[in-house]
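# Residue-level structural notes
Take a look at the letters that make up each chain.
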Amino acid sequence: MNLDLTDSILYVDAVSVSFDGFKALNDLSFVVGRGELRAIIGPNGAGKTTMMDIVTGKTRPDNGMVIFDGSIDLTTRDESAIAALGIGRKFQKPTVFEGQTVEDNLLLAVEGPRSAWSSLFGWRSRVTVDQVLETLSTIRLGDLKHRLAGSLSHGQKQWLEIGMLLAQNPKLLLVDEPVAGMTDAETEETARLLTSIAGEHAVVVVEHDMSFVRALQCKVTCLHEGSVLAEGSIDAVSANDRVIDVYLGR
Amino acid sequence: MITFFIRHFDRTAIGFVTTLLLIAVVVPLLNLAVPESSAFHIPTYLVSLWGKYLAYALLALALDLVWGYCGILSLGHGAFFALGGYAMGMYLMRQIGARGVYADPVLPDFMVFLNWKELPITWYFFDHIGYTLLMIVLVPSVIAFVFGWFAFRSRVTGVYLSIITQSLTYALLLAFFRNDMGFGGNNGLTDFKYIIGFPVQAASTRATLFALTALFLALGFLLARAMVVSRFGQILASIRDAESRTRFLGYRVEHYKVLVFVVSAAMAGIAGALYVPQVGIINPSEFSPSNSIEAVIWVAVGGRGTLVGAAIGAVLVNFAKTWLTGSFPELWLYGLGALFILVTLFLPKGIVGSLAVVVQRMKGGSAA
């Protein structure tokens, strides 16, 4: 076995997928280590969101391998099965249950039984409640726990959704554009939050905001036309001529 | 269990159940115990008419459970209602026995007329009330399960789902029209005489059926209410509001949808079974898509996602229908259309939903 594979939380190998002849991913390969924080950048249409769709089971690849946690093949499973394995996903547009309170949003996300049967006849344990309180303080929404999620500001919704991922206690978090529409202060706060949760969880962040990516102080992968263009430290990647040509601009 | 009900039943819910229990006793009493000369006497035809409204209310409740709470807009719920109705109709046909026109002890009249010699397998055991009661729940449930399994697993949602529910009821309409299906074809099932040994036409039987319908409406409400206030109901609302978020949190959305769809279909089947002995006939027109759409209008008028509103909407719209079709028959369809447009434009939350908003505002005002 490949050494990379056994150490990895996510192992993507030669994945291709096309929609109506358009190659969204073209022989894409990259590896994320356990507990690693990774930023993914790239121009629009580079395949960032498609990559997340493949990993979370929303889209099936035409060919290639996606291995989770060193041994689990993700390409044959659907979204809820993959979520149950320990992969959480934050959407590009913040998606929370607007008609329910902040606390209820987190209660729905907390790891635990997910079957329809248990939801009808099951009881909620005390552990769950503690976990929700802990998450509330991590995302700093403790004072707003009884507010309807729909009444939160855009940035607060982003945090709530990240909190919902944390409550799932996943091994891997996929976070799509977490700071879109945030103020500078909120962006800084989010960088701190994501850096603090890495280590315990592996975190993959897709983002356009380069100062935010810089603040994450992690390995960066730049995608272009469905495959990896460059990979390395933020300084190395942003000094790469091809990255400058296709993405950053001169 | 008791604390559960105390905690989750607001005044509206308690008032609704109490009212139903009250009319289940009072209406039969005013029909049977009060002499016809008295101003308080309720004639038997009215008892049956109101019983019909309550059966419709149970159908509306079932529809609200899937549409109001899980966002599944079924335009074919009349199918489950009619299937329950047919199951009851088959029992009532077999209760006729040798009292039919052709006096065949086993075969219903229409089969003798079609020159059939043997009872089709589908009609076996329908002379037993226990088997019939089972089928009233089982047939709609199984069809809802199979339909839901394929539709929800293939992630058919929104308008597309509404269209295929419509096709489901239309397909059943065409099937039940055929004589060789063995369900009485065009004419359906009628001329019922006895139910569990009691004459169907008797005032006391009618009053009992009315009381039973009110009782089942109350039970259906309690069941639906218990479901929607549980964690299950919370997840239904999550599916309605953000389906993919729910899926990515690890919930098997299709299981939740199938389960609520099956429970709803069973409730609709029971409603149909209570309806048939009170109106005295079931025929394929009960499967017609327009019936299912009418049921959606009842729910919209009363208030989607309120349960109580759905039931109230069904009763009110049908009161209006009886009155309008009696006084101005040519106006009824225009009235129904106008009602739907007006409610959509000016009362998007329906009657009960809008009242709830007003009450909340008044409470907020007095607190400030």
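The rules we used
Residues numbered from 1 in each chain as written. Chains lettered and ligands numbered in written order. Predicted model: local features only at pLDDT ≥ 70, side-chain atom pairs only at ≥ 80, totals over all residues. Heavy atoms only, no water. Helix = DSSP H or I, 4+ residues; strand = E, 2+ residues; numbered from the N terminus. Rg over C-alpha atoms; globule rule 2.2 N^0.38 Å. Buried < 20%, exposed > 50% of the residue type's maximum accessible area, 1.4 Å probe, protein only. Contact = heavy atoms within 4.5 Å. Areas by Shrake-Rupley, 256 points an atom, 1.4 Å probe, with all protein chains shown as cover. Pairing = 2+ DSSP bridges. Axes fitted to C-alpha atoms, helices over the stretch in contact; angles between N-to-C directions. Buried area = accessible area lost by both parts, 1.4 Å probe. Salt bridge = Lys/Arg side-chain N within 4 Å of Asp/Glu carboxyl O. Polar contact = N/O pair within 3.5 Å; in protein donor to acceptor, adjacent residues only side chain to side chain. Nonpolar A, V, L, I, M, F, W, Y, C, P; charged D, E, K, R; others polar. pLDDT = per-residue confidence, 0-100. Core = buried A, V, L, I, M, F, W, Y, C linked by side-chain atoms within 4.5 Å. 1 Å grid on protein atoms, 1.4 Å probe; cavity = no way out; pocket = protein on both sides within 12 Å on 5 of 7 lines; lining within 4 Å. Points joined across faces, edges and corners; volume = space filled by probe spheres on them.

### Section: the overall build of chain B
Looking only at helices and strands, chain B has 15 helices and four strands in total. Its C-alpha atoms give chain B a radius of gyration of 21 Å, near enough to 21 Å, the size a compact globule of 368 residues would have. By its C-alpha atoms, chain B is 75 × 55 × 50 Å across when sized along the principal axes. A total of 368 residues make up chain B; the buried ones form 51% of that total. Nonlocal contacts in chain B, meaning residues at least 24 apart in sequence, comprise 77% of its contacts between residues at least 6 apart. For chain B, the exposed area adds up to about 16,800 Å²; of that, 70% sits on carbon and sulfur atoms.

### A short note on the sheet that holds strand β6 (residues 87–90) of chain A
Residue and element names in this part refer to chain A. With mixed pairing, six strands are arranged side by side in an open sheet as β6-β7-β8-β3-β9-β10. The open sheet has two edge strands, β6 and β10 (227–232), and neither has a second partner. Strand after strand, the sheet turns through a mean of 20° between neighbouring axes, direction not considered. Contacting β6 and β7 (172–176), helix α7 (residues 154–167) runs over the sheet at an angle of about 175° to β6. Contacts from helix α11 (residues 241–248) reach β3 (37–41), β9 (219–224) and β10 within the one sheet, and its direction differs from that of β10 by about 120°.

### Some details on the environment of F183(B)
When you line up the elements, F183(B) lands in the loop between α7 (158–177) and β1 (189–190). Residues F183(B) and G89(B), spaced 94 residues apart in sequence, show a C-alpha to C-alpha distance of 9.4 Å.

### Describing unusual backbone geometry
Residue and element names in this part refer to chain A. A positive phi angle, near 55°, is found at A14, a position not held by glycine. With respect to the helices and strands, A14 occurs in strand β1 (residues 8–19). Residues other than glycine seldom take positive phi values, yet D69 does so here, at roughly 60°. Position of D69 relative to the elements: it lies in the loop between β4 (63–68) and β5 (72–73).

### A short note on the environment of I72(A)
Residue and element names in this part refer to chain A. Position of I72 relative to the elements: it lies in strand β5. Classification of I72 as buried rests on a relative accessible area of 18%. In the structure, I72 is positioned 13 residues away from L85 in sequence and 9.1 Å away in space, judged by C-alpha atoms. Aside from chain neighbours lying at most four places away, what touches I72 is V66, I67, R77 and L85.

### Quick notes on the interface of chain A and chain B
Across the contact, 30 residues belong to chain A and 23 residues belong to chain B. Across the chain A/chain B interface, buried area totals approximately 2,400 Å², and carbon plus sulfur atoms make up 57% of it. Taken together, the connections running from chain A to chain B amount to three salt bridges. Between R155(B) and E79(A) there is a salt bridge whose closest N-O contact spans 2.7 Å. Where chain A packs against chain B, one counts 12 residue pairs in polar contact (both at pLDDT 80 or more). Of the residues in the side of chain A that touches chain B, the class split is 13 nonpolar, eight polar and nine charged.

### Side note on the sheet that holds β1(A)
Residue and element names in this part refer to chain A. The antiparallel open sheet is built from four strands, whose spatial order is β2-β1-β4-β5. Here the strands that pair on one side only, and so sit at the sheet edges, are β2 (22–33) and β5. Where β4 meets β5, two bridges bridge the pair, whose relative direction is antiparallel. The partner of F68 across the bridge, within β5, is I72. Here helix α2 (residues 48–55) sits on the sheet in contact with β1, β2 and β4, set at roughly 65° to β2.

### Some points on the confidence of the model for chain B
The share of residues in chain B with pLDDT of 70 or more is 97%, and the mean pLDDT across the chain is 93. Interface confidence for the predicted complex, expressed as ipTM, amounts to 0.90; the pTM equals 0.93.

### Here we look at the nonpolar core
The biggest cluster of nonpolar side chains holds 161 residues, and the ones touching the most others in it are L160(A), V203(A), L216(A), W123(B), L189(B), F221(B) and F287(B). The biggest single contributor to this core is helix α3 (residues 44–70) of chain B, with 16 residues. Look past the residues within four positions of W123(B) in its chain and what remains in contact with it is M90(B), M93(B), R94(B), P108(B), F110(B), M111(B), G182(B), F183(B) and L189(B). In terms of nonpolar packing, the next biggest core, distinct from the first, is built from 28 residues, V17(A), L25(A), I40(A) and A46(A) among them.

### With respect to the side chain of T187(A)
Mapped onto the fold, T187(A) is located in helix α8 (residues 184–197). For T187(A), a relative accessible area of 9% puts it in the buried group.

### Remarks on the environment of S119(A)
For S119(A), the location among the structural elements is in helix α5 (residues 116–121). Accessibility expressed as a relative area gives 2% for S119(A), which makes it buried. S119(A) has contacts with S230(B), R231(B), F232(B), I235(B) and Y256(B), leaving out every residue within four places of it along the chain.

### Thoughts on the layout of surface pockets
Residues and elements named next belong to chain B. If you add up the space inside the largest pocket, you get close to 1,400 Å³. Counting only elements with at least two residues in the lining of the largest pocket, the list comes to α2 (11–32), α3, α8 (203–229), α9 (231–241), α13 (308–327) and α15 (350–367). At eight residues, the largest contribution of residues to the lining of the largest pocket is made by α15. Here the lining of the largest pocket is composed, by residue class, of 15 nonpolar, 10 polar and seven charged.

### A few points about the pattern of salt bridges
Enumeration according to the criterion identifies 23 salt bridges over all chains in this entry. Ionic pairing is found between E188(A) and R192(A), a salt bridge with its closest N-O pair at 3.9 Å. Here the residue E188(A) and the residue R192(A) both occupy positions in helix α8, the gap between them amounting to four residues, near one helical turn. Classification of E188(A) by relative accessible area gives exposed; the value is 51%. Looking at R192(A), the relative accessible area reads 48%, which means it is partly exposed. The residue E243(B) makes a salt bridge to K257(B) at a minimum N-O spacing of 3.0 Å. You can see E243(B) sitting in helix α10 (residues 243–248) and its partner K257(B) sitting in helix α11 (residues 253–279), a full 14 residues away along the chain. Under the relative-accessibility criterion, E243(B) is labelled partly exposed at 21%.

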